[in-house]
Amino acid sequence: MEVRRLRLLREFADRESIGAVAEATHMTPSAVSQQLKVLAEEAGVALFEPDGRRIRLTEAGRALVLRADDVIAAVDR
């Protein structure tokens, strides 16, 4: 897993919207969505589930966010 994808996951957990993540990271919503899709494929579990017209984190997604925080902090150090 790439750290930049984990950072996008962290942003999604904070902002709860692909569009908001895209705006915060200066990416297109399509690019954010694609990167999060790749992350879910790499993880081998569903990280997101539909919530009306939006998506939300699954339990596995929330668990990965916690680990992502540890990885991001280690990389930043």
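Residues numbered from 1 in each chain as written. Predicted model: local features only at pLDDT ≥ 70, side-chain atom pairs only at ≥ 80, totals over all residues. Heavy atoms only, no water.

Attention now goes to the pattern of salt bridges. If you walk through the whole model with that rule in mind, you get ten salt bridges. The salt bridge involving arginine 7 is made with aspartate 76; its shortest N-O contact spans 2.7 Å. Of this pair, arginine 7 sits in helix H1 (residues 3–15) while aspartate 76 is found in helix H4 (residues 59–76), placing the two residues 69 residues apart along the sequence. Here arginine 7 falls in the partly exposed class, since its relative accessible area comes to 33%. A single salt-bridge network, built from bridges that share partners, covers Glu2, Arg4, Arg5 and Glu42. (Salt bridge = Lys/Arg side-chain N within 4 Å of Asp/Glu carboxyl O. Helix = DSSP H or I, 4+ residues; strand = E, 2+ residues; numbered from the N terminus. Buried < 20%, exposed > 50% of the residue type's maximum accessible area, 1.4 Å probe, protein only.)

Relative to the helices and strands, arginine 5 is located in helix H1. Relative accessible area serves as the criterion here: at 9%, arginine 5 is assigned to the buried category. Apart from residues lying up to four places away in sequence, arginine 5 is in contact with Gln35, Leu36, Val38, Leu39 and Glu42. (Contact = heavy atoms within 4.5 Å.)

Turning our eyes to something else, we now look at the confidence of the model for the protein chain. Detail in the predicted coordinates should be disregarded across regions flagged by low pLDDT. Residues of the protein chain with pLDDT of at least 70 account for 100%, and the chain-wide mean is 94. The secondary structure element of the protein chain with the lowest average pLDDT is H4, at 90, and the one with the highest is helix H2 (residues 18–25), at 97. (pLDDT = per-residue confidence, 0-100.)

A few words on H1. Between its terminal C-alpha atoms H1 stretches 18 Å, which fits the 18 Å expected from 13 residues at 1.5 Å a residue. Three or more residues of H1 are buried, namely Arg5, Leu6, Leu8, Leu9 and Phe12. The buried residues of H1 all sit within an arc of 155° when viewed along its axis, so they share a single face. The secondary structure elements touched by the buried residues of H1 are H2, helix H3 (29–43), strand S1 (48–51), strand S2 (54–57) and H4. With its phi angle positive at about 60°, glutamate 16 sits one or two positions after the end of H1. (Expected span 1.5 Å × (residues − 1). Arc of directions from axis to C-beta.)

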